[in-house]
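# Structural overview
One letter stands for each residue in the lines below.
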Amino acid sequence: MAFELPKLPYEYTALEPHIDARTMEIHHSKHHNAYVTNLNKAIEGTPLASQSLEEILKGISKASAAVRNNGGGHFNHSLFWKVMKPGGGGLPSGDLAAAINRDFGSFDTFKEQFNNAGATRFGSGWAWLIVHDGKLVVSSSPNQDNPLMDIAEVKGTPILGLDVWEHAYYLNYQNRRPDYIAAFWNVINWDEVAANLKKA
Ligand code: MN
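For clarity, every value in this text was computed on a predicted model and none was experimentally measured. (Residues numbered from 1 in each chain as written. Predicted model: local features only at pLDDT ≥ 70, side-chain atom pairs only at ≥ 80, totals over all residues. Heavy atoms only, no water.)

## Thoughts on unusual backbone geometry
- Cis peptide bonds are those with omega within 30 degrees of zero, and the linkage from Glu 16 to Pro 17 qualifies with 5°.
- Despite not being glycine, Gln 174 shows a phi value in the positive range, around 45°.

Shown next, in the form of structure tokens:
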């Protein structure tokens, strides 16, 4: 079965003023859509066509650049849309809050590390909160790579991801990536991140 562009769980306008509707529309309907289309083209007629996206990513060192870029792009954006919601933000609770305190010392230290990961990723890429050997760790990756890939510098299961490609913020924030990263904290869907932790 070919991969499909997932519907957003909210309207394009829903994350305003933190992420503007035009950016969301282009990002989802053009960028993410292109990753899905090009992934399907790249795996058509190959053994990868019968694998799950996670299986493909775990063996990505053996796949083509087109599969790596577009498979990563499809996975990363599918996660990204779901870890945001209108009226999100605030603080995590329950097991997630406890795990953050256990592994970072405090929420503020985690936030600082995550902001730094996003701000210092040169060029295009992603900032991540991942589960690595049962511990929460902050990392970042270039382009559309992600921590599930066997080529990742820091491997693990991503439970929160932030797209720091310019296409994710340039219309509203231009070169001010740190302002976009700061705004992201107002739309994080902590329930989804907590559910991702439970599954990891
Ligand atoms: Mn993107």
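## A closer look at the packing of helix H1 (residues 21-43) against helix H3 (residues 65-82)
- Orientation of H1 relative to H3, taken along the N-to-C sense of each, is 140°, at an axis distance of 8 Å. By the criterion of interaxial angle, the relationship of H1 to H3 is oblique. Between H1 and H3 lies a crossing of left-handed hand. On the side of H1, the interface is formed by Met 24, His 27, His 28, His 32, Ala 34, Tyr 35, Val 36, Asn 38, Leu 39, Ala 42 and Ile 43, while H3 contributes Ala 66, Val 67, Asn 69, Asn 70, Gly 71, Gly 73, His 74, His 77, Ser 78, Phe 80 and Trp 81.
- The residue inventory of the contact of H1 with H3, partitioned by class, reads eleven nonpolar, eleven polar and no charged. (Axes fitted to C-alpha atoms, helices over the stretch in contact; angles between N-to-C directions. Helix = DSSP H or I, 4+ residues; strand = E, 2+ residues; numbered from the N terminus. Parallel < 35°, antiparallel > 145°, perpendicular 65-115°, else oblique. Left-handed = near helix turned anticlockwise from the far one by under 90°. Contact = heavy atoms within 4.5 Å. Nonpolar A, V, L, I, M, F, W, Y, C, P; charged D, E, K, R; others polar.)

## Side note on the environment of Ile 60
- Within the secondary structure, Ile 60 is located in the loop between helix H2 (53-58) and H3.
- Not counting the four nearest positions on each side in its chain, Ile 60 is found in contact with Val 67, Arg 68, Met 149, Asp 150 and Ile 151.

## A short note on the packing of aromatic side chains
- Throughout the structure, instances matching the rule amount to 16 aromatic pairs.
- Relative to Tyr 180, the ring of Tyr 169 has its centre 5.0 Å away and its plane inclined at 25°; by these criteria the two rings are stacked. Here Tyr 169, found in the loop between strand E3 (157-163) and helix H6 (170-173), pairs with Tyr 180, found in helix H7 (residues 177-184); they are eleven residues apart in sequence, far enough to count as distant. Accessibility classification places Tyr 169 together with Tyr 180 in one group, the buried group.
- In this structure an aromatic cluster arises from ring pairing among Phe 80, Trp 81, Phe 104, Phe 107, Phe 110, Phe 114, Trp 126, Trp 128, Phe 184, Trp 185 and Trp 190. (Phe/Tyr/Trp six-rings, centres within 6.5 Å; stacked < 30°, edge-to-face > 60°. Buried < 20%, exposed > 50% of the residue type's maximum accessible area, 1.4 Å probe, protein only.)

## Some points on the pairing of E3
- For E3, the buried fraction is high: six of the seven residues fall into the buried class.
- In the sheet, strand E1 (residues 125-132) pairs with E3 via six bridges, with the strands oriented antiparallel. By the bridge assignment for E3, Val 131 is matched with Thr 157. (Pairing = 2+ DSSP bridges.)

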